[in-house]
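Summary of structural features
Residue-level listing of the chains:
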Amino acid sequence: MNEARALKRERFTPLTYAMLAAALLLSMILCVCVGSVQIPFSDTVTAVWNALWGLPIPQNIAKNIILNVRLPRVLCVALSGAALSLCGAAMQGLLRNPLADGSTMGVSSGAALGAVIAMAAGFTLPGSGYGGIMVTAMAFAFGSLVMILSLAYALDRSLATSSIILIGVIFTMFISSVISLIITFASDHTRSLNFWTLGSFSGVNYDQAGILCAALAVCGGVILRFAPELNAFAVGEENARHIGVNVKKVKMSILVTVSVLIGVCVSISGTVSFVGLVMPHIARMLVGPNHSRLLPASLFAGAIFLLWADLTARTLLSPVELPIGVVTSLVGAVAFVIIFYRTRKAG
Amino acid sequence: MLAGNHVTVRYGDLRAVDDVSFRLEAGQWLMLAGPNGAGKSTLIEAIAGGVPCTGLIEWEGQDIRRLKPAQLARRIGVLSQRNTVGYAYTVEEIVGLGRYAYRAGFLSGGSGEGREQVERALAMTGLTELRRASMLTLSGGETQRVFLAQVFAQDPRVLILDEPANHLDLKYQQHLFSLIQTWLKEPGRAVLSVVHDLSLARRYGTHAMLMNHGKCISRGEIGDVMTPDHLNQVYEMDVYAWMQEMLAQWN
Amino acid sequence: MSKKIVSLFLAAMMMTGCLTALAEDAGIMVTDMHGREIILTEPAVRVVALQPSDCEILCAIGCEDALVGIGQYCDYPASITSLPVVQSGADTNIEEILALNPQVVFMNDMAQSEEQVRQLEENGVKVVVSSATDIEGVYYAIRMMGHLMGKDENAEAVVADMQSTFEEIRAASADEGRTVYFEVSPLQWGLWTAGSGTFMDELASICGLTNAFADVNDWAAVSEEQVISRDPDYIVTISMYYGEGPTPVEEILSREGWQDMKAIREGQVFNASDSNALSRPGPRLKDAAVELYHFLNGTEEEAVPAA
């Protein structure tokens, strides 16, 4: 009987990581090679190869499209996917809530509101045109997170699955209307409502990929370092305190880190929903709930998923581009229902 | 080793714990009894750092509020009334979390000594065979045993239990209490537990404290405290007669 | 093809409208652009126009004095902005409109519900739908409004002016298979272009150009790599410049990966001075066409072919 109940998966699976890494690499290559404009594979390889080693690149159409449009986009998409998925995994652990995510909890909308306000008001930091928007987005993401959590605590001390999501949804709706109001009055200064609610990676560049990379390196490092604490939180906050976790400090650190990452992602690509909700679940199915394995697996899974979603968004109706959020929400909403149903049945 | 002086916990206007003092020395098993709402669980939460309190709680003469969470966890382990796990962690992973307070740096996952403690805790609680099982497949009694193993792995000096066997069947109750008794045999250890079952308290306790309406009614050695007079006063009924009547059912 | 059918249909409607107007000597009767018949006993002197284009038409045919209220986005000519502003589009507020006591309300047929139209008509306000989607439709709207306002001659003059300008530009522009890409929203905010079925598309063909995104309907988000690979001869952006940072033209010229495009190499990037002129179904389409013509030919504004 005990045999039957023992988990089938292995405790430590370098093979899983190798497969995830290979899948990520293949997805990235595919996404660079395929697009709404068809470019011969050989041209693509030549362009990337020569650029990598600093060799002269033959002047053809491939060069500009591959190196200046697709490659930065693929990098940004992969990094954002990884970051959003990591944030989702961290929040699902921290709040012990399998439906927690930047988009379901309204954090992304909060960040979007911050970015819209910064754009409309022309708020910039000296030296960097984009910094002001990003910092405001982070601050608003954190503010929303704190606000939603306090509201949820007031409603239900146990932070039950459904109450926190309910508040998140209401908050998101409220924020969306505030955003559309601001856009109505300052439409010339800010991006369209579509961008903020559905997201887009159109026109991203290497600078933004660099910012994402830096943010993911720093914040991702912090979150990965908190894997044992996240395990403790995922078991229960009370239990975490009993085994000696500095509950307040850890919680605050993770919330701030997650807000920063989401703020960066949203200010670059708008709100891309459901990545952070769905991918940690897939990762959990692959490697189990232990965060020291779950967090790295979520990074990979999120990057792969968003790459495919973006590929769909830019090729399905070519030459027209779909907002990426349409694709992720389509997949995510179905997954959300399945996860919600399963948690209801289990708990 | 553990002492409370004039401990008071307020929830708004309510004094859930009202000026309570206690002492716990090595080798003792202090039973905390009293009716519902007497403030027993709140007192335990105050010791574990879960709720703010006034007064002083000392560990070997030192204010425990000055201890870092990990330092406190190495001294005091708490087994809650009820534990549920939402994700499919394995038994071993949950028990391993008990070693959290001993991590030197963030890279030292499991030291040799830590692994040994986990193994011993698993063996003590009879969970060795279930080590790979998912928590989601365990019964309530098994789950509670896993968390007992976790607190054993935590290797504290004082074990605090909040009605640990409350919703478990008789077999598990007996099993749990004898496990704790075995644990207590090691020198330098003590147990503080909240119990509802007065017979269990008498059977396993060395010392007792009776509480009602947040106040301490009586404390001392178990025989001196758990007298009919005290119990009747605390529970506001004839406890002794009731227990006699219950026992008579079997004769 | 379908556009031609619509135009024919509109022309037919107009003729019947005029004929019935002749028959009913006492009143004015037109068929609005939703196919509804509107009858007035005499030309309107108090009107509310919810769409910016209708305001522009009314002013162009000399009826500015009859305007008693405007929709919230109406901003041209500047002299009308002092008029009372009412909510328009999805937020149209019936009470606000009734308070201005107009005889006629000009509106688009998409935003307003049947219910709202009925409410207005019950209160004695005639609702006239004006919803041109091509230049022929604009002519129809101008004539329809002219008739309702008793300014038929002015309306004809405005239409004739537009027609002759377009004809002259068409005559002066040879179709050499050159392509143009209209940028409605810049890269930084996600590329949007104007495809077929837009005024920009029509203006391009008047100027002898082919829209690079003629296979796309209406306004749509398009992928950056498509723009690069279609390599248009001209780029026209309607972005506004706010006086800080690079101008829209400078920004396009400096885009990574765009540097090898024909339009960029040859500096054929043009910022339309007024995006509204290019997109509103009003008389200023003529000005937009003239501006586009000068850009394409590198000529000065003074040498207007129509002048």
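None of these values were measured; they are calculated from a predicted model.

How each quantity is defined
- Numbers given for residues are sequential positions, taken from 1 along each chain in its written order.
- Chains carry letters from A onward and ligands carry numbers from 1 onward, assigned in written order.
- Local features in this predicted model are restricted to residues whose pLDDT is 70 or higher, and side-chain atom pairs enter the listing and the counts only when it is 80 or higher, whereas totals over whole chains, interfaces and linings include all residues.
- Secondary structure elements follow DSSP: runs of H or I of four or more residues count as helices, runs of E of two or more count as strands, with numbering from the N terminus.
- Put plainly, a residue is buried at 20 or more neighbouring C-beta atoms within 10 Å of its own, exposed at 12 or fewer, and partly exposed in between, counting only other residues' C-beta atoms, which are placed from the backbone.
- Contacts here follow a simple rule: the backbone-placed C-beta atoms of the two residues must lie within 7 Å.
- Any two strands between which DSSP finds at least two bridges are classified as paired.
- Think of each axis as a best-fit line through the C-alpha atoms, taken over the contacting stretch in the case of a helix, with angles from 0 to 180 degrees between the N-to-C directions.
- Three residue categories are used. Nonpolar comprises Ala, Val, Leu, Ile, Met, Phe, Trp, Tyr, Cys and Pro, charged comprises Asp, Glu, Lys and Arg, and polar comprises the others, including Gly.
- Those domain boundaries reflect an automatic or database domain assignment.
- Here, expected helix span is obtained from the residue count minus one, scaled by 1.5 Å.
- By arc we mean the arc of the directions from the helix axis to the C-beta atoms, nothing more.
- Each angle is binned into one of four classes, with values under 35 degrees roughly parallel, values over 145 roughly antiparallel, values of 65 to 115 roughly perpendicular, and all other values oblique.
- By convention the crossing between two helices is left-handed if the near helix lies anticlockwise of the far one by an angle smaller than a right angle, and right-handed if it lies clockwise.
- pLDDT is defined as a per-residue confidence score from the predictor, taking values between 0 and 100.

**What about the overall build of chain A?**
Looking only at helices and strands, chain A features 15 helices and zero strands. Of all 347 residues assigned to chain A, the portion counted as buried reaches 55%. Summarising the internal contacts of chain A: among those between residues at least 6 apart in sequence, 76% fall at separations of at least 24.

**Digging into the overall build of chain C**
In terms of helices and strands, chain C carries twelve helices and 13 strands. Relative to its full complement of 307 residues, chain C shows a buried share of 46%. Taking the contacts inside chain C whose residues are at least 6 apart along the sequence as the reference set, 57% of them involve residues at least 24 apart.

**Topic: the environment of Ala301(A)**
All names here are of chain A. Relative to the elements of secondary structure, Ala 301 occurs in helix α14 (residues 291–315). In this structure, the C-alpha to C-alpha distance between Ala 301 and Leu 20, residues 281 residues apart in sequence, is 7.3 Å. The contact partners of Ala 301, leaving out residues within four places of it in the chain, are Ser 85, Met 279, Ile 282 and Ala 283.

**Quick notes on the sheet that holds strand β5 (residues 85–86) of chain C**
Pairing between the strands of a sheet comes from backbone hydrogen bonds, and it takes one of two forms, parallel or antiparallel. Residue and element names in this part refer to chain C. Spatially, the five strands line up as an open sheet ordered β5-β4-β3-β6-β7, and their pairing is parallel. Both outer strands of the open sheet, β5 and β7 (126–129), are each paired with one neighbouring strand and no more. Note that strand β4 (residues 67–71) and β5 share two bridges and pair parallel. Paired with Gly 71 across the two strands is Val 86, which belongs to β5.

**Remarks on the sheet that holds strand β8 (residues 190–194) of chain B**
Residues and elements named next belong to chain B. If you trace the six strands from one edge of the open sheet to the other, you get β6-β7-β8-β3-β9-β10, paired in mixed fashion. Edge positions in the open sheet fall to β6 (76–79) and β10 (215–221), since each of these has one partner strand only. Strand after strand, the sheet turns through a mean of 15° between neighbouring axes, direction not considered. Here strand β3 (residues 29–33) pairs with β8 via four bridges, running parallel. Note that in β8 the partner of Trp 29 across the bridge is Val 191. Relative to the sheet, helix α1 (residues 40–48) contacts β3, β6, β7 (158–162), β8 and β9 (207–212), its axis offset from that of β7 by approximately 145°. Most of the contacts of helix α5 (residues 140–154) go to β6, to which it runs at about 180°, and overall it touches β6 and β7.

**Quick look at the interface of chain C and chain A**
Taken together, the contacts link 20 residues of chain C with 24 residues of chain A. Counting residues per element, the ones that place at least two in the side of chain C that touches chain A are β11 (219–221) and α8 (224–230) of chain C. Among the elements that make up the side of chain C that touches chain A, the one with the highest residue count is α8(C) (five residues). Class assignment for the residues of the side of chain C that touches chain A results in ten nonpolar, six polar and four charged.

**Overview of the domain arrangement of chain C**
Splitting chain C by domain gives domain 1 (27–157) and domain 2 (174–271). Computed from C-alpha atoms alone, the centre-to-centre distance between domain 1 of chain C and domain 2 of chain C is 33 Å.

**Here's the deal with the interface of chain B and chain A**
Between chain B and chain A, the contact holds 34 residues from the first and 25 residues from the second. Mapped onto the side of chain B that touches chain A, the elements with two or more residues apiece are α2 (69–75), β6 and α3 (91–96) of chain B. Looking at the side of chain B that touches chain A element by element, the count peaks at five residues for α2(B). Residues of the side of chain B that touches chain A, tallied by class, amount to 18 nonpolar, eleven polar and five charged.

**What about the environment of Asn232(B)?**
Here Asn232(B) is to be found in helix α9 (residues 228–235). Apart from the residues lying within four places of it in its own chain, the contact partners of Asn232(B) are Met237(B), Asp238(B) and Val239(B).

**As for unusual backbone geometry**
Residue Pro319(A) is bonded to the preceding Ser318(A) through a cis peptide linkage, with omega at 10°. On the secondary structure map, Pro319(A) appears in the loop between α14 and α15 (324–346). For the peptide bond that leads from Tyr76(C) to Pro77(C), omega is -10°, which places it in the cis range. Within the secondary structure, Pro77(C) sits in the loop between β4 and β5.

**Quick look at the pairing of strand β8 (residues 179–185) of chain C**
All names here are of chain C. Here β8 lies mainly inside the structure; six of its seven residues are buried. Bridge count between β8 and strand β10 (residues 210–211): two bridges; the pairing is parallel. In the sheet register, Val 180 faces β10, and the bridge partner there is Asn 211. Here β8 runs beside strand β12 (residues 234–237); their pairing, made up of four bridges, is parallel. Each residue of the ladder has a partner; that of Phe 182, found in β12, is Val 236. As paired elements, β8 and strand β9 (residues 192–194) share two bridges and run antiparallel to each other. For Glu 183, the partnering residue across the bridge sits in β9 and is Thr 193. Taken together, β8 and the strand that follows it, β9, pair antiparallel across an intervening segment of six residues, in which Gly 190 is found at a positive phi of about 90°.

**Looking at helix α6 (residues 152–172) of chain C**
All names here are of chain C. Across its 21 residues, α6 extends 30 Å between first and last C-alpha, which sits within 8% of the 30 Å expected from 1.5 Å per residue. Among the residues making up α6, those that are buried are Ala 155, Val 158, Met 162, Thr 165, Phe 166 and Ile 169. Taken down its axis, α6 places every buried residue within 100° of arc, on the same side. Opposite the packed face of α6, turned more than 90 degrees from it, sit the exposed residues Glu 153, Ala 160, Ser 164 and Ala 171. On its buried side, α6 packs onto α2 (52–60), α5 (135–148), α7 (199–206) and α12 (285–297).

**Overview of the packing of α7(C) against α12(C)**
Residue and element names in this part refer to chain C. Packing of α7 against α12 brings their axes to within 10 Å, and their N-to-C directions diverge by 50°. It follows that α7 is oblique to α12 by the angle criterion. The handedness of the crossing between α7 and α12 comes out as right-handed. Contacts between α7 and α12 involve Phe 199, Leu 203 and Ile 206 from the first element and Leu 285, Ala 288, Ala 289 and Leu 292 from the second. Here the residues of the contact of α7 with α12 are counted per class, giving seven nonpolar, no polar and no charged.

**Overview of the confidence of the model for chain C**
Residue and element names in this part refer to chain C. For chain C, the average pLDDT comes to 84, and 88% of its residues sit at 70 or higher. Throughout residues 18–24 the model reports pLDDT below 50, and contacts reaching past four residues in sequence, or to other chains, amount to five contacts. Low pLDDT, under 50, characterises residues 302–307; the predicted model gives this stretch nine contacts beyond four residues in sequence or across chains. Reported for the predicted complex are a pTM of 0.83 and an ipTM of 0.88.

**Quick notes on the pairing of strand β4 (residues 54–59) of chain B**
Every regular strand shows the same layout, with side chains that alternate between the two sheet faces. All names here are of chain B. Bridge count for strand β1 (residues 2–11) against β4 is five bridges, and the pairing is antiparallel. Directly across from Gly 4, in β4, lies its bridge partner Ile 57. Bridge analysis of β4 against strand β5 (residues 62–63) gives two bridges, and the strand direction is antiparallel. If you follow Trp 59 over to β5, its bridge partner there is Gln 62. Hairpin remark: β4 followed by β5, antiparallel, with two residues in the connecting loop; positive phi at Glu 60, about 45°.

**Concerning the confidence of the model for chain A**
Of the residues in chain A, 90% have a pLDDT of 70 or more, and the chain-wide mean is 85. Low confidence marks residues 1–11 of chain A, where pLDDT is under 50. Its contacts with residues over four positions away, or in another chain, come to eleven contacts.

**With respect to the packing of helix α5 (residues 107–121) of chain A against helix α6 (residues 131–155) of chain A**
All names here are of chain A. Where α5 contacts α6, the axes come no closer than 7 Å and their chain directions differ by 145°. Here α5 and α6 pass one another in a crossing that is right-handed. Facing Val 107, Gly 110, Ala 111, Leu 113, Gly 114, Ala 115, Ile 117, Ala 118 and Met 119 of α5, the residues of α6 in contact are Gly 132, Ile 133, Thr 136, Ala 137, Ala 139, Phe 140, Ala 141, Gly 143, Ser 144 and Leu 145. The residue inventory of the contact of α5 with α6, partitioned by class, reads 13 nonpolar, six polar and no charged.

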